[in-house]
Amino acid sequence: MEKLTFETIKTYQSFESTEEMDKAVRGFLYKHKWELSEGDLKVLQQIWRHSVKVIGVSFAKYEYIADQANVSRRTAMRAVKKFVEKGLIKKIPTARMNGKQGVNILIIQPFASIDSLKTDVSPHAVTPADTPNKTEKKQDSLCEKDLKPNNVKKEVEPTVEQLDTSFLPDTVNPQFVNAAKPFFSAIEIYHLWKRVILVYNKMNLQKDLEDVIDQVIYAFKQTVFAKKLGSIRSSFAGYFYGVLYSVLIVEKRKEMKGKYFDFLDGQYEV
């Protein structure tokens, strides 16, 4: 499973324009709408609506899709499974560093257009009732009346978990961000940095935090290594706190080295 970032999502863009995406979805509806329930159509509408920022790609959570479609989460999951089986959607699972499942990336796939589907119909399948006017009305009924994603002007804002590191405040050290971003989302990096601030303030170092950033990154890398070895039994953040504390206390002792009063000589040690 892949790490979810906006850069990763952009690599899955499946259409050059929203017009191409619309044709694919309408072709799918022309062929399969009779097999879909009302709940399926509502779910498809939400996926379609949320696939315009990166054309053809939705990274909305099942919970959000279900809420917007006014259906249950189970219905949303069943609908997505149906779309996958019928070739309209490809689902890419993602995972977090802590091993928990992340948001599924839903990619709308190219699908035959309505015009090509009509030309593929054999002469035996065409009945006298399928006149051009009726076919045109059928197309409108299937595709235009029920679902009009392009009429929706409001784009869905990404959740805090979906923000990339460019959204982090300037107070988060960029060297730390560069070290952590291959493994964590922006919000996770932000919370790890709060642990760094907590340990630094507790140490009451004379040095600025920027002066010990190499030690901070060293502690982070040691924690990642322990995570990869399966040595961490608690949370990553808790383990990182302990390692960083051990590293920075060495710096504190170095600062205090010349400040211990020797009561025998009546002098400070050097």
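From a predicted model like this one, the values you see are computed outputs, not experimental measurements.

(A) The arrangement of the packing of helix α3 (residues 38-49) against helix α5 (residues 73-85) in detail. It is at 9 Å that the axes of α3 and α5 come closest, and there the two elements cross at 80°. In this view, α3 runs roughly perpendicular relative to α5, as classed from their interaxial angle. Counted together, G39, D40, V43, L44 and I47 of α3 and T75, A76, A79, V80, K82 and F83 of α5 form the full contact between these two elements. Split by residue class, the contact of α3 with α5 holds seven nonpolar, two polar and two charged.

(B) Spatial organisation of the packing of helix α9 (residues 186-203) against helix α11 (residues 236-256). Put simply, α9 and α11 touch, their axes get as near as 9 Å, and they point 35° apart. As α9 runs across α11, the sense of the crossing is right-handed. Along the contact surface, α9 presents L192, R195, V196, L198, V199, Y200, K202 and M203, while α11 presents F236, A237, G238, F240, Y241, L244, Y245, L248, I249 and K252. Residues of the contact of α9 with α11, tallied by class, amount to 14 nonpolar, one polar and three charged.

(C) Quick peek at the sheet that holds strand β3 (residues 105-108). Here three strands make up an open sheet; going across it, the order is β1-β3-β2 and the pairing antiparallel. In this open sheet, the two edge strands, each paired with only one partner strand, are β1 (57-58) and β2 (89-92). In this sheet, β3 lies alongside β2 in antiparallel orientation, the contact comprising four bridges. Each bridged residue has a counterpart across the sheet, and for K90 the counterpart in β3 is I107.

What counts and how
- Residues numbered from 1 in each chain as written.
- Predicted model: local features only at pLDDT ≥ 70, side-chain atom pairs only at ≥ 80, totals over all residues.
- Heavy atoms only, no water.
- Axes fitted to C-alpha atoms, helices over the stretch in contact; angles between N-to-C directions.
- Helix = DSSP H or I, 4+ residues; strand = E, 2+ residues; numbered from the N terminus.
- Parallel < 35°, antiparallel > 145°, perpendicular 65-115°, else oblique.
- Contact = heavy atoms within 4.5 Å.
- Nonpolar A, V, L, I, M, F, W, Y, C, P; charged D, E, K, R; others polar.
- Left-handed = near helix turned anticlockwise from the far one by under 90°.
- Pairing = 2+ DSSP bridges.

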